[in-house]
Structures are given as C-alpha cells and as structure tokens.
There are 2 protein chains.
Amino acid sequence: MSEQDLAAISQLRSSTMRLSRRLKHQRVEESLSPTEMGVLGTLARCGKATPGELARKEHVQPPSMTRIVAMLEEKGLVRREPHPEDRRQVVVSSTEQAETILAESRRRRNVWLAELAQGLDEEEWAVLREAAPVLYKLAHL
Amino acid sequence: MSEQDLAAISQLRSSTMRLSRRLKHQRVEESLSPTEMGVLGTLARCGKATPGELARKEHVQPPSMTRIVAMLEEKGLVRREPHPEDRRQVVVSSTEQAETILAESRRRRNVWLAELAQGLDEEEWAVLREAAPVLYKLAHL
DNA sequence: TATTGTTATACTCTATAACTATA
DNA sequence: TATAGTTATAGAGTATAACAATA
C-alpha cells in the first residue's frame with residue numbers, strides 16, 4: 001500500500017468518525033437510545049428476528065436485549081410472537097409506528113447533511129456524488 | 001437539490017454511520033471510554049483546555065468532565081495546572097503517554113480500514129482516494 | 001451577583017450470574 | 001445435556017442539584 005493510499009485511509013477514518021459523531025446529535029426521537037434505534041433499523045432491514053439474533057447484531061448481551069425489546073414493545077414499536085416451530089424462541093417484528101420514526105430520523109439527518117454539503121463547491125460535490133456508492137459498498141463489505 | 005443528490009446524501013449518511021460503528025469496535029485501549037478517548041483527541045488537537053471547554057466540546061455536563069479528567073489524571077494521561085490569570089479555572093493538557101495511546105489507536109483503525117478496502121477493485125479505490133480529502137473537508141465544515 | 005469547578009446523589013444502560021422452559 | 005429467553009443484581013457512565021472559591 002502506497003504512502004498516498006495510507007493518507008487516504010487515514011482521512012477516511014477520521015472523517016467518518018467525526019461526521020458520525022455530528023450526525024448522531026441530529027436525533028429525532030430523544031426517548032430512544034442509539035441501541036434501541038439500532039434494533040428498529042435491523043428489524044426494518046431483516047423483517048423479523050429473535051432476541052438472540054438482535055443481541056448478536058447490536059453487540060449487546062441477551063439480557064440487555066430482553067430489556068430493550070420489552071421497552072420497545074411497551075412503546076408500541078415492536079411486536080413479540082411465539083416462534084412457529086421452537087417454543088423456546090420469540091419472533092420480534094417492528095410496527096408501522098417504528099417505520100415512521102425511522103423514516104423521520106433518516107430524513108432529518110439527510111437534511112442536516114445536505115445543508116452541510118452546501119459548503120462544498122460544485123466540483124467537490126461531484127467527487128462525493130461519485131464516491132457515495134463506493135463508500136456504501138465499503139461500509140457493507 | 002436533485003434526486004441524484006438526495007440519493008448520494010442518503011448513501012453518505014448510512015455509510016458513515018455504519019462504518020463508524022464498525023471502526024469503534026477496533027478499540028485499542030479497552031480501559032478508556034469513547035468520551036475519555038475524545039478528550040485525549042481534543043487535547044492533542046488544541047494543546048490545552050479548561051474542564052468547561054472540554055465539557056462543551058465533548059457534549060457532556062461539567063460534573064461529568066470533572067470525573068473524566070480526574071480519571072485520566074490518575075492514569076497519567078493528562079496534567080492539571082492552575083490557570084495563570086483566573087484562579088477559578090484549571091488548565092488540562094495531555095501527556096506523552098496519551099499521545100502514544102492515540103497514535104496506536106489511529107494506527108489500528110487504519111489497518112482495519114485498509115484491510116476492508118482490499119475488497120474494492122482498483123477503479124473503486126481510485127474514486128475513494130480522490131474523495132477522501134473532500135470528505136475530510138465536509139466533516140470539518 | 002455571575003462564573004468555574006467540584007461534591008453528593010440519582011438515573012440510564014449494559015453486564016454477569018442464576019433460573020425456567022423447551023429441545 | 002444444550003439452548004433461548006428471562007429475572008435478579010451489580011457496575012459503568014452520565015445527569016441534576018447543591019456547594020465552594022473566585023471574578
């Protein structure tokens with residue numbers, strides 16, 4: 001890896017960390033913790049999941065996920081159903097209300113980021129527009 | 001703002017959030033919390049700062065920063081000196097040891113990110129290399 | 001009287017250990 | 001005997017309120 005590549009990597013790392021910190025402050029739903037929002041996001045992508053799967057994906061321990069799911073259910077943001085085959089397991093899915101919150105959260109952060117991007121000139125913005133799908137691929141590798 | 005621009009913004013947002021979550025797991029110093037690392041980073045950039053300034057920059061309340069600074073001082077990562085003009089204030093600065101930890105943290109995350117980037121082809125990587133300084137500018141606007 | 005920093009106390013989030021039900 | 005989920009309890013990390021020292 002060349003010197004230039006290393007410089008680019010370092011810029012990507014620090015920019016990502018800094019941008020994410022600033023994006024996080026643009027929260028819509030103050031009553032939901034980052035992990036709770038993460039669970040809603042995962043359910044929106046995967047449709048449904050067991051508490052154990054959610055715990056692994058959000059990097060928390062199972063007892064913590066039990067509490068989180070209970071909290072979200074109480075707020076009407078997720079549903080809990082018995083697993084059709086294995087009666088030990090539970091299937092968690094998100095509600096319409098959760099989708100609304102997620103959509104609003106994404107919208108708000110997009111607005112903030114779009115406003116920030118006003119500070120770039122036309123050429124810089126063209127570079128970023130081309131890089132966006134590549135960055136997306138990188139983040140999902 | 002065009003439809004394409006909005007799509008790029010949305011990709012930038014979600015990629016940034018996801019990449020940052022994964023980068024955060026690549027912590028070097030398990031004994032330091034994210035906020036404590038943030039304080040060391042701020043001090044490395046600004047040289048020195050008062051607890052009040054640090055609290056504002058890290059988005060925590062002053063009493064929390066008192067605890068954090070005390071913890072860092074106990075570990076030999078920061079120094080506390082009386083303010084030369086205002087005897088109410090305290091000046092906090094980081095030590096050599098803190099710089100070492102920060103450098104190792106950056107290095108480790110760079111290695112992880114560089115390895116991830118192996119999954120991109122040459123053309124995609126060229127796009128990112130060009131975008132890195134622009135992203136850096138965006139993050140610091 | 002306002003401001004900086006601190007102490008005392010409480011709350012939120014998460015973890016570990018022990019338990020229940022099912023496989 | 002192993003696994004999924006839960007309950008009980010403890011530990012970080014942060015917040016609010018009250019206080020001391022200085023401006």
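Above this text you will find the structure in question.
The following refers to the structure shown.

Procedures and definitions
Numbering of residues starts from 1 in each chain and follows the order in which that chain's sequence is written. Naming scheme: in the order in which they are written, chains are lettered from A and ligands are numbered from 1. Residue-level local features of this predicted model are given only where pLDDT is at least 70; pairs of side-chain atoms are given and counted only at 80 or more, and the full residue set underlies all totals for whole chains, interfaces and linings. Calculation of side-chain values draws on the structure's entire complement of heavy atoms; hydrogens and water are dropped beforehand. Exposure is judged per residue with a 1.4 Å probe applied to protein chains only, and the accessible area is read against the type maximum: over 50% gives exposed, under 20% gives buried, and values in between give partly exposed. Strands are runs of DSSP state E lasting at least two residues, helices are runs of H or I lasting at least four, and both sets are numbered from the N terminus onward. Here, any two strands with at least 2 DSSP bridges between them count as paired. With axes taken as lines fitted to C-alpha atoms, and helix axes fitted only over the stretch in contact, angles between N-to-C directions fall between 0 and 180 degrees. Roughly parallel means an angle under 35 degrees; roughly antiparallel means over 145; roughly perpendicular covers 65 to 115; every other angle is labelled oblique. The crossing is said to be left-handed when, going from far helix to near helix, the turn is anticlockwise and less than a right angle, and right-handed when the turn is clockwise. Any two residues whose heavy atoms approach within 4.5 Å are treated as being in contact. Residue polarity is assigned by list, with Asp, Glu, Lys and Arg as charged and Ala, Val, Leu, Ile, Met, Phe, Trp, Tyr, Cys and Pro as nonpolar; anything else, Gly included, falls into the polar class. The term buried area means the drop in 1.4 Å probe accessible area that two parts suffer when joined, counted for both and summed. By definition, a salt bridge exists where a carboxyl oxygen of Asp or Glu is found within 4 Å of a side-chain nitrogen of Lys or Arg. Pairing of N or O atoms within 3.5 Å defines a polar contact, subject to two protein rules: one partner must be a possible hydrogen donor and the other a possible acceptor, and residues neighboring in sequence count only if both atoms are side-chain atoms. Note on definitions. A residue lies near a molecule or strand when any single heavy atom of the residue is within 4 Å of it. Alignment of copies: least-squares fit on C-alpha atoms of residues with pLDDT of at least 70 in both copies. Working rule for helices: expected span equals 1.5 Å times residues minus one.

As for the pairing of strand S3 (residues 90-94) of chain A
Residue and element names in this part refer to chain A.
Part 1 of the argument: Of all 5 residues in S3, 4 are buried, a share of seventy percent or more.
Part 2 of the argument: Of the strand pairs in this sheet, strand S1 (residues 48-49) and S3 are connected by 2 bridges, and their pairing is antiparallel. Bridge pairing links Ala49 to Val92 in S3.
Part 3 of the argument: One ladder, built from 5 bridges, connects strand S2 (residues 78-82) with S3; its direction is antiparallel. For Val78, the partnering residue across the bridge sits in S3 and is Ser94.

A closer look at the packing of helix H6 (residues 122-139) of chain A against helix H1 (residues 3-24) of chain B
Part 1 of the argument: Interaxial distance between H6 of chain A and H1 of chain B falls to 8 Å at its minimum, and their mutual angle equals 45°. Of the possible angle classes, the one that applies to H6 of chain A and H1 of chain B is oblique. Handedness of the crossing formed by H6 of chain A with H1 of chain B: left-handed. Along its contact with H6 of chain A, which presents Trp125, Leu128, Arg129, Ala132, Pro133, Leu135, Tyr136, Leu138 and Ala139 of chain A, the element H1 of chain B presents Asp5, Ala8, Ile9, Gln11, Leu12, Ser14, Ser15, Arg18, Leu19 and Arg22 of chain B.
Part 2 of the argument: Classifying every residue of the contact of H6 of chain A with H1 of chain B by side-chain character gives 12 nonpolar, 3 polar and 4 charged.

Brief notes about the interface of chain A and chain B
A common way to state how big an interface is: give the accessible area lost once the parts meet.
Part 1 of the argument: Counting residues at the interface gives 46 residues for chain A and 46 residues for chain B.
Part 2 of the argument: Both faces considered, chain A and chain B share a buried interface measuring about 5,300 Å² in area, 71% of it formed by carbon and sulfur atoms.
Part 3 of the argument: Viewed at the interface, chain B and chain A are joined by 4 salt bridges.
Part 4 of the argument: Among the salt bridges present, the one from Lys137 of chain A reaches Glu124 of chain B, with a minimum N-O distance of 3.0 Å.
Part 5 of the argument: For the pair chain A and chain B, the number of links is 19 residue pairs in polar contact (both at pLDDT 80 or more).
Part 6 of the argument: Contributing elements (two or more residues each) for the side of chain A that touches chain B: helix H1 (3-24), helix H5 (96-117) and H6 of chain A.

With respect to the protein's contact with DNA strand C
Part 1 of the argument: The local shell around DNA strand C holds 23 residues, among which Thr35 and Gln61 of chain A together with Thr66, Arg80 and Arg88 of chain B are the closest.
Part 2 of the argument: Within 4 Å of the protein, the contacting atoms of DNA strand C are drawn from sugar and phosphate to the extent of 69%.
Part 3 of the argument: Gln61 of chain A has a polar backbone atom sitting 2.8 Å from a phosphate oxygen of DNA strand C.
Part 4 of the argument: In this structure, Ser64 of chain A approaches DNA strand C through a side-chain N or O atom, which is 2.9 Å from a phosphate oxygen.
Part 5 of the argument: Within the residue set of the surface near DNA strand C, elements represented by two or more residues are helix H4 (62-74) of chain A together with helix H3 (51-58) and helix H4 (62-74) of chain B.

So, the environment of Leu102 of chain A
All names here are of chain A.
Part 1 of the argument: Tracing the backbone through its elements, the reader meets Leu102 in helix H5.
Part 2 of the argument: For the pair Leu102 and Val92, spaced 10 residues apart in sequence, the C-alpha separation works out to 17 Å.
Part 3 of the argument: Once residues within four sequence positions are removed from consideration, Leu102 is found in contact with Met37, Leu40, Gly41 and Ala44.

As for the relation of the copies chain A and chain B
Part 1 of the argument: Expressed as a screw operation, the relation of chain A to chain B combines 0.0 Å of axial shift with a rotation of 179°, fitting to an RMSD of 0.1 Å. With respect to symmetry, the two chain copies, as superposed, fit the operation of a two-fold axis. Within chain A, the C-alpha atom positioned nearest to the axis of rotation is that of Thr16 of chain A, 2.8 Å from it.

Here's the deal with H1 of chain B
Part 1 of the argument: Taking 1.5 Å as the rise per residue, H1 of chain B with 22 residues should run 32 Å; its terminal C-alpha atoms sit 32 Å apart, in good agreement.
Part 2 of the argument: When we look at burial in H1 of chain B, the residues that qualify are Asp5, Ala8, Ile9, Leu12, Arg13, Ser15, Thr16, Met17, Leu19, Ser20 and Leu23 of chain B.
Part 3 of the argument: Next to the buried residues of H1 of chain B lie H1, H5 and H6 of chain A together with helix H5 (96-117) and helix H6 (122-139) of chain B.

Some details on the sheet that holds strand S3 (residues 90-94) of chain B
Two strands in a sheet stick together by hydrogen bonds in their backbones, pointing the same way (parallel) or opposite ways (antiparallel).
Residues and elements named next belong to chain B.
Part 1 of the argument: Read from one edge to the other, the open sheet built from 3 strands follows the order S1-S3-S2, with strand pairing classed as antiparallel. Every other strand in the sheet has two partners, leaving strand S1 (48-49) and strand S2 (78-82) as the edge strands with one partner each.
Part 2 of the argument: Contacting S1, S2 and S3, helix H2 (residues 34-46) runs over the sheet at an angle of about 95° to S3.

Limitation: the analysis is restricted to geometry and does not speak to function.
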